[in-house]
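Listed below are the residues making up each chain.
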Amino acid sequence: MLLADQPLGIDQCTCSAMRKASRQITRLYDSHLEPVGLRITQFLMLAALEEAGGATVNTLAERLDIERTAMGKMLGFLERDGFVAISPSPADGRVRIVKITDEGRRLHKKAEPLWEAAQREFEELNGAANIAALRQGLRDVVVGELVADATRE
């Protein structure tokens with residue numbers, strides 16, 4: 001029978017380690033944002049829209065690295081609740097433009113201190129230098145593109 005702390009060969013899997021860390025970090029941020037009824041993905045959407053002024057659904061999905069279909073579903077909930085407005089692009093009716101509403105701005109402003117508290121807690125738990133190194137390391141990670149193989153010369 002598998003024990004929770006039993007070492008396994010899959011513990012050497014980078015993807016498994018990243019998924020586990022990601023889920024744990026997500027739970028931390030979600031717990032901080034719970035009082036305003038947001039999850040971290042929704043907060044990040046509102047934050048991106050607040051900062052950018054608006055975006056196409058596809059651009060927002062790409063920027064936040066969320067599957068296009070999942071993005072559509074999440075935006076549907078935010079639209080239903082009045083936090084975003086989605087309309088056809090004047091240039092191409094097939095393209096949908098997402099903008100944060102005044103109600104969405106108020107929610108984002110209310111949620112921002114909760115997000116900042118999650119940021120502080122994560123930094124306190126892990127150390128500012130470790131978090132800075134983690135962010136830099138994640139920016140440097142290459143996935144999905146082959147780098148020229150020096151052994152093929």
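Our subject is the structure that appears above.
Residues numbered from 1 in each chain as written. Predicted model: local features only at pLDDT ≥ 70, side-chain atom pairs only at ≥ 80, totals over all residues. Heavy atoms only, no water.

1. Structural notes on the pattern of salt bridges
Under the defined criterion, the tally for this structure stands at 6 salt bridges. With its nearest N and O atoms 2.9 Å apart, the salt bridge here joins Asp 92 to Arg 94. Classification of Asp 92 by relative accessible area gives partly exposed; the value is 24%. For Arg 105, the salt bridge is made with Asp 102, and the minimal N-O distance between the two is 3.3 Å. With Arg 105 and Asp 102 both in helix H5 (residues 102–126), this residue pair falls 3 residues apart, about one helical turn. For Arg 105, a relative accessible area of 34% translates into the label partly exposed. (Salt bridge = Lys/Arg side-chain N within 4 Å of Asp/Glu carboxyl O. Buried < 20%, exposed > 50% of the residue type's maximum accessible area, 1.4 Å probe, protein only. Helix = DSSP H or I, 4+ residues; strand = E, 2+ residues; numbered from the N terminus.)

2. Details of the nonpolar core
Leu 38, Met 45, Met 71, Leu 75 and Val 84 are the most contacted members of the largest nonpolar core, which has 30 residues in total. For this core, the element with the highest residue contribution is helix H2 (residues 40–52), accounting for 6 residues. (Core = buried A, V, L, I, M, F, W, Y, C linked by side-chain atoms within 4.5 Å.)

3. Observations regarding helix H3 (residues 57–64)
For H3, the full list of buried residues reads Val 57, Leu 60 and Ala 61. Buried residues of H3, viewed axially, fall in a sector of 100 degrees; they line one side. Exposed residues pointing more than 90 degrees away from the buried face of H3 are listed as Glu 62 and Arg 63. Where H3 is buried, its residues meet H2, strand E1 (55–56), helix H4 (68–80) and strand E3 (96–100). Two residues or fewer past H3, Asp 65 is found with a positive phi of approximately 55 degrees. (Arc of directions from axis to C-beta. Contact = heavy atoms within 4.5 Å.)

4. Some points on the sheet that holds E1
Across the sheet, which stays open at both edges, the 3 strands sit in the order E1-E3-E2 with antiparallel pairing between neighbours. The open sheet has two edge strands, E1 and strand E2 (84–88), and neither has a second partner. Where E1 meets E3, 2 bridges bridge the pair, whose relative direction is antiparallel. In the strand pairing of E3, Thr 56 is matched with Ile 97. In the packing of H4 onto the sheet, contacts are made with E2 and E3, and the angle to E2 comes to roughly 120 degrees. (Pairing = 2+ DSSP bridges. Axes fitted to C-alpha atoms, helices over the stretch in contact; angles between N-to-C directions.)

5. Some words on unusual backbone geometry
Residue Asp 65 is not a glycine yet carries a positive backbone phi of 55 degrees. Examined against the element boundaries, Asp 65 turns out to sit in the loop between H3 and H4. Assessed through its relative accessible area of 71%, Asp 65 is described here as exposed.

6. Looking at the environment of Ile 97
With respect to the element layout, Ile 97 can be found in strand E3. Expressed as a C-alpha distance, the spacing of Ile 97 and Val 141, which sit 44 residues apart in the sequence, is 31 Å. Not counting the four nearest positions on each side in its chain, Ile 97 is found in contact with Ala 55, Thr 56, Ala 85, Ile 86, Ser 87 and Ser 89.

7. Description of the layout of surface pockets
One number sums up the size of the largest pocket: a volume of about 1,400 Å³. Around the largest pocket sit 24 residues that line it, and Ser 22, Ile 25, Leu 44, Leu 64 and Leu 138 are the ones nearest its centre. Breaking the lining of the largest pocket down by element, the ones donating at least two residues are helix H1 (14–33), H2, H3, H5 and helix H6 (128–140). The element contributing the most residues to the lining of the largest pocket is H1, with 6 residues. Per-class residue counts for the lining of the largest pocket are 15 nonpolar, 4 polar and 5 charged. Counted as a void, the second largest pocket has a volume near 270 Å³. Taken together, Leu 44, Ala 47, Ala 48, Glu 51, Ala 52, Gly 54, Ala 55, Thr 59, Leu 60, Arg 63 and Leu 64 form the lining of the second largest pocket. Of all the secondary structure elements, the ones that give two or more residues to the lining of the second largest pocket are H2 and H3. (1 Å grid on protein atoms, 1.4 Å probe; cavity = no way out; pocket = protein on both sides within 12 Å on 5 of 7 lines; lining within 4 Å. Points joined across faces, edges and corners; volume = space filled by probe spheres on them. Nonpolar A, V, L, I, M, F, W, Y, C, P; charged D, E, K, R; others polar.)

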